[in-house]
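# Close look at the chain arrangement
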Amino acid sequence: METQAKPNTTGAYVYTPLSSNKNEIRLLRLLPKSSSPTIEIEIFHVETTTKPYYEALSYVWGSSERCHSVYVKELLIESDSDPLSKNLFCKESTSHLGITQALWIALLHLRLPGKARILWIDSICINQADIDERSREVRKMGDIFHQARRVVVWLGEETPENSLAIPTLNSIGGGIEISLNASNALLWWMKPGSEALYLETSPQAEKAKGLNWIAIRNLLGATWFTRLWTFQEIGLAVDARFLIGTQTIEVEIFRAALIWILDQRDDKSQRTIPKFLDSKVTNVVKPFLQQRYQKDFDTVASLSAFTSTVRRLDCLDPRDCVYAILSLLEKEYHKALIPDYTKTVEEVFVEAILLEIKISSKLSLLRHCDFTKDQSTLKLPSWVLDLSRPGSTEVLNQSFPAGLARQESEYLEASTVLRVRGKLPCTINHVGKPIPLAATVQEILTICLTWEPPNASQEPYIKGGTLIDTFIATLFIGGTSVYSRIEKPELFKKEALRNAYDSLIINKSISSDTTIFLSDFETYLPGRTFFNTEEGFMGLCSASVRPGDQILIALGCGNPIVLRKDSQREDYFQVGGECYVHGLSNGVGLLGPLPSGWSVERVIFRGHVRTVFTSPEGKKTQYDPRAGPLPLGWSVCYGVEGEWNTDELGEIGNLRELRFYNESSEEETELDPRLTSENLKTLGISLEDVYLV
């Protein structure tokens with residue numbers, strides 16, 4: 001049933017409230033293009049249960065000033081007819097509605113000749129002046145974009161600076177095939193005779209397209225790629241296409257082209273593309289690429305999985321750092337986090353962080369904190385990340401010093417203190433020269449060389465081996481991606497690392513064998529520095545760390561955390577974020593070294609990086625040999641839900657993913673139930689309570 005709009009004699013459109021009982025949304029009918037620049041629309045309500053046909057517009061508001069108007073036709077009568085196909089509106093405009101400059105230009109291009117278009121547009125279909133309605137409708141936006149027949153992404157007008165971009169992307173992306181393998185790794189290849197294959201095999205042809213690469217760079221500079229709301233909107237789309245002026249490209253072709261371009265960009269020694277598309281440009285679009293191909297898997301279902309993206313992208317209201325991604329999270333999040341714009345930003349962030357800890361049973365978000373909290377305008381405890389501030393450093397890969405343990409924390413609300421449980425094994429006593437955030441490649445390599453400890457070739461390391469080999473391993477393992485180590489393990493053997501250090505760090509020589517390291521150094525080392533501890537450990541940490549800071553191995557946290565004693569409360573600590581400590585990875589920080597003859601490696605299971613142990617007899621297992629027997633009521637199972645198996649080894653020799661099952665609660669989890677403070681006591685391992693302010 002279509003609801004009658006309230007007549008308005010003043011000329012300004014007046015919204016009719018949406019019926020919450022009927023689960024209504026507003027849609028608009030954009031009337032056909034005419035010779036006049038006047039934009040005419042019809043606004044009506046529909047029940048989402050009827051699965052209405054519409055397109056959702058994803059765009060950037062720009063200035064909030066409503067300097068243009070659309071003319072809204074009003075209803076004459078109520079009718080039980082289908083509002084999507086029947087024109088029940090009067091012929092003359094009876095009211096007007098203010099819109100922004102950006103939306104006005106978009107609507108001029110979206111009008112079709114001789115045909116109306118049904119659209120959902122947030123600034124029109126939500127009464128922005130009604131805070132209660134806005135809070136309710138924001139909660140529905142994930143469903144609105146997911147149920148849309150198509151999401152139309154408006155990137156702006158076509159200009160001489162970007163006009164070559166869409167044809168080039170269409171040509172390249174149309175020749176790329178993409179799929180996921182059994183481990184959820186992205187696979188792609190070029191079709192025979194494709195433009196992509198031609199450009200890859202013909203450096204001169206690629207070089208001749210300099211203007212095309214400039215146009216693509218200008219296109220990727222569109223503000224749309226920097227907005228958090230658009231990340232959710234495109235991620236939930238069943239079908240989507242980008243529109244710039246009158247040029248269009250399907251989202252899958254767009255992504256395929258960018259995957260190819262990013263691959264060319266990484267080949268710094270031979271390609272022309274890196275000269276036009278540097279990492280500052282391409283890093284902006286990487287979240288959109290990764291999201292599309294991972295969104296169906298639980299690897300991106302928690303708030304912590306999106307934290308780097310949230311901090312990289314912008315939103316006008318800081319509370320939307322949480323609300324704008326709710327529909328991408330597990331159902332538990334949007335059941336508990338109800339958008340409420342009457343709450344302060346601080347209340348929303350604290351609520352979100354505590355919920356993440358509860359649902360995930362992890363303290364992953366502590367890794368993103370830092371000691372530069374005073375740069376935030378928000379009054380937050382140090383353990384609560386300011387999601388509205390860009391992260392200064394790229395998050396490190398997890399080293400799992402406490403294994404896959406479940407967090408044991410308690411929120412002391414009266415004092416806003418978070419009590420966590422873990423070990424404080426070492427104190428930092430030396431910090432090297434930090435690498436600036438904007439450091440060039442040569443600066444990074446030069447500063448890394450200054451970190452080398454004196455007499456490193458003769459001195460032993462606390463965990464065995466020589467100091468120089470440990471220093472090199474700290475740099476090349478702590479400062480690189482785990483995926484690099486999994487894909488090319490031969491480059492990370494002791495002798496290979498020695499050669500890479502001599503070539504890259506000492507001689508500043510870039511070769512095919514060192515390119516992988518150089519790319520990772522550019523990603524992970526800016527904003528970080530090298531440190532030593534009183535106990536003889538070494539590692540990498542944030543540039544804000546200083547001597548006297550302590551390192552915490554916390555249950556439920558994937559990396560060690562740097563703490564600083566609070567100046568006002570004794571035995572309380574400020575949180576300074578994650579670090580890498582060589583020799584404490586893969587459970588060593590909690591359980592100690594592996595038994596004699598055992599070794600450890602990292603592998604990928606369905607998008608997860610997991611730890612695999614090898615016994616002296618050569619048998620591989622994910623079951624940590626140091627943690628003792630399972631507590632009463634727990635058992636192990638292997639595989640995926642619905643396909644559980646009691647054997648860890650599959651028919652073709654591959655390991656099945658390890659999970660733990662509790663018979664009483666029917667909980668199934670990756671977290672090892674043996675790694676609790678209570679169970680660890682039986683192994684002679686004592687933990688302490690640490691209070692974070």
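Residues numbered from 1 in each chain as written. Predicted model: local features only at pLDDT ≥ 70, side-chain atom pairs only at ≥ 80, totals over all residues. Heavy atoms only, no water.

## Focus: the side chain of N212
Relative to the elements of secondary structure, N212 occurs in helix α7 (residues 210–220). Excluding its chain neighbours within four sequence positions, the residues that come into contact with N212 are L164 and T168. (Helix = DSSP H or I, 4+ residues; strand = E, 2+ residues; numbered from the N terminus. Contact = heavy atoms within 4.5 Å.)

## Topic: the confidence of the model for the protein
Mean pLDDT over the protein works out to 88, with 91% of the residues at or above the 70 mark. The least confident element of the protein is helix α11 (residues 279–294), whose mean pLDDT is 68; the most confident is strand β16 (residues 550–554), at 98. Confidence drops under pLDDT 50 across residues 1–9; counting only partners more than four residues distant or on other chains, this segment forms 30 contacts. Within the model, pLDDT remains below 50 along residues 293–300, and this stretch shows 23 contacts once partners closer than five positions in the same chain are excluded. (pLDDT = per-residue confidence, 0-100.)

## Comments concerning the sheet that holds strand β1 (residues 24–30)
A sheet is described by the order of its strands in space; here 9 strands give the open sequence β5-β4-β2-β1-β6-β3-β7-β10-β11, paired in mixed fashion. Each having just a single partner strand, β5 (95–99) and β11 (247–250) make up the two edges of the open sheet. The average undirected angle you get between the axes of adjacent strands in this sheet is 35°. Packing of helix α4 (residues 165–173) onto the sheet brings it into contact with β10 (240–244) and β11, and relative to β11 it is tilted by some 30°. (Pairing = 2+ DSSP bridges. Axes fitted to C-alpha atoms, helices over the stretch in contact; angles between N-to-C directions.)

## Some remarks on the pairing of strand β3 (residues 55–58)
Of the two faces of β3, the one lined by E55 and L57 and the one lined by A56 and S58 are each fully buried. Direction of pairing for β3 relative to strand β6 (residues 117–120): parallel, over a ladder of 2 bridges. Across the sheet, residue E55 finds its bridge partner in β6, namely L119. Bridge count between β3 and strand β7 (residues 150–156): 4 bridges; the pairing is parallel. Directly across from L57, in β7, lies its bridge partner V152. (Buried < 20%, exposed > 50% of the residue type's maximum accessible area, 1.4 Å probe, protein only.)

## Here's the deal with the nonpolar core
Formed by 131 residues in total, the largest nonpolar core has its most connected members in L107, W120, F225, W260, F349 and L692. Take this core: its biggest share by element is 9 residues, from helix α9 (residues 251–266). Not counting residues up to four positions away in its chain, the partners in contact with L107 are L30, I39, V70, I99, L119 and I121. In this structure, A456, L518, F530 and V545 belong to the second largest nonpolar core, which totals 53 residues. (Core = buried A, V, L, I, M, F, W, Y, C linked by side-chain atoms within 4.5 Å.)

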